[in-house]
Amino acid sequence: MSENRSHERHHDDRGPDHRHDQAGDAAGHGHGHGHGVSGDADRRFLSGALVLIVGFMAVEVVIGVIAGSLALISDAGHMLTDAMAIVLALVAMRIAARPPRGGFTYGLRRAEIISAQANGITLLLLAAYFSYEGIRRLIEPPQVEGLYVVATGLAGIAVNVGATWLLSKANRSSLNVEGAFQHILNDLYAFIATTLAGLVVWLTGWSRADAIAALVVAALMLKAGWGLVRDAGRVFMEAAPAGVSPAGIGRQIAALDTVVEVHDLHIWEVTSGYAALSAHVLVAPGADCHAARLTVEGLLRDEHGIEHTTLQVDHATPGSHAFDDDGGLRRLVQHCPDPHGPTHHSLNLDEVATGNGGEAAHETPVSSCHTSKAVP
């Protein structure tokens, strides 16, 4: 095989399900696929929480109407969305578990992200509604039966502590599970606020406390909902996982021995906790392409927890790259008409001519796409 031949490797051919099961191996890096909880266990935890939520919701609706409490009714409405969120999460887990086929080369894993996005949007809509109702009841407070509110709130706290505990044992690195968890957790906060408000109404007769509790719950819903929508949006827009710096990774790869340049570097998430990376890596003439690829894969796996990688590794040809001086940096002259991000390189002009690898890695603002021709 010629030294100038292109080497491309799609790392880890055991399939996404195998990689997902090995999540615990990368947990120390913050970018792993989970903490080892199986899909069947997740479904059991979610189903148990669903039974608790639905059973108590029916009781709360009746008592909320009898007591005339907006806080209780808002809690019941939130519990309905909790139940819907859990059902949606369970359905999404079933869909996402289907193997890749046809045009869906990653399978339907992003069904979980759709579920998380839907849960986030639901929380935002509920926050808007209960903010409106809370302000209206601050202006014109109705009569509220505080004793009913306190008794129901205490029971609700117990139920939601149980449901929250069940979901906390599931794999919360999944945005799908996290969406359901945030619904239940916010409902627990809501019951705590409702119980305190009912106590104030019962002891003092100040019924506006009920509306204030509803506004506090709305603020918590807003915070949780925005977080879910933001994180799910990053996955849909194929942004790098939170906490991962593509520029930093590019510089690290370029600083490796024998690596000349890195460009067309892309990092994205297929679904929450499942990062993927592709890049074009140029190595010095005479360097071992396979050894360089293994070194890059080891760096990505051990330091960043990225196991799903596609690397095209080519030999850089002496004299094939044109440089000029620009403020002390070596700027690449030839580049793609369609930019693909910055180029990271570790060469100077003499090393290009001689084919020797440099030690210092640089990043240029010009997007470059060099092609090494395969020589038979």
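Look a little higher up for the structure.
A brief look at the structure comes next. Owing to the predicted nature of the structure, the values given are computational and were not obtained by experimental measurement.

What counts as what
Residues numbered from 1 in each chain as written. Predicted model: local features only at pLDDT ≥ 70, side-chain atom pairs only at ≥ 80, totals over all residues. Heavy atoms only, no water. Helix = DSSP H or I, 4+ residues; strand = E, 2+ residues; numbered from the N terminus. Contact = heavy atoms within 4.5 Å. Buried < 20%, exposed > 50% of the residue type's maximum accessible area, 1.4 Å probe, protein only. Pairing = 2+ DSSP bridges. Right-handed = clockwise from strand over helix to strand, strands pointing away. Expected span 1.5 Å × (residues − 1).

## A closer look at the side chain of Arg43
Following the sequence through the fold, Arg43 ends up in helix α2 (residues 39-67). Sequence-distant contacts of Arg43, defined by excluding residues within four places in its chain, comprise Leu90, Met93 and Arg94.

## A short note on the pairing of strand β3 (residues 274-283)
The element β3 is largely enclosed, with a buried count of 10 among its 10 residues. The two faces of β3 match: Tyr274, Ala276, Ser278, His280 and Leu282 on one face and Ala275, Leu277, Ala279, Val281 and Val283 on the other face are all buried. The sheet contact formed by strand β2 (residues 259-271) and β3 spans 9 bridges and is antiparallel. Of the residues in β3, the one forming a bridge with Val259 is Val283. The antiparallel hairpin formed by β2 and β3 contains 2 residues in its connecting segment, where Gly273 sits at a positive phi of about 80°. Summarising the sheet, β3 and strand β4 (residues 308-315) pair through 8 bridges and their orientation is parallel. Each bridged residue has a counterpart across the sheet, and for Leu282 the counterpart in β4 is Asp314. For the crossover from β3 across helix α9 (residues 289-304) to β4, the handedness is right-handed.

## Observations concerning helix α7 (residues 208-236)
Compared with an ideal rise of 1.5 Å per residue, which puts 29 residues at 42 Å, α7 spans 42 Å between its outermost C-alpha atoms and is within 8% of the ideal. Among the residues trailing α7, Glu238 stands out with phi positive, at a value near 55°.

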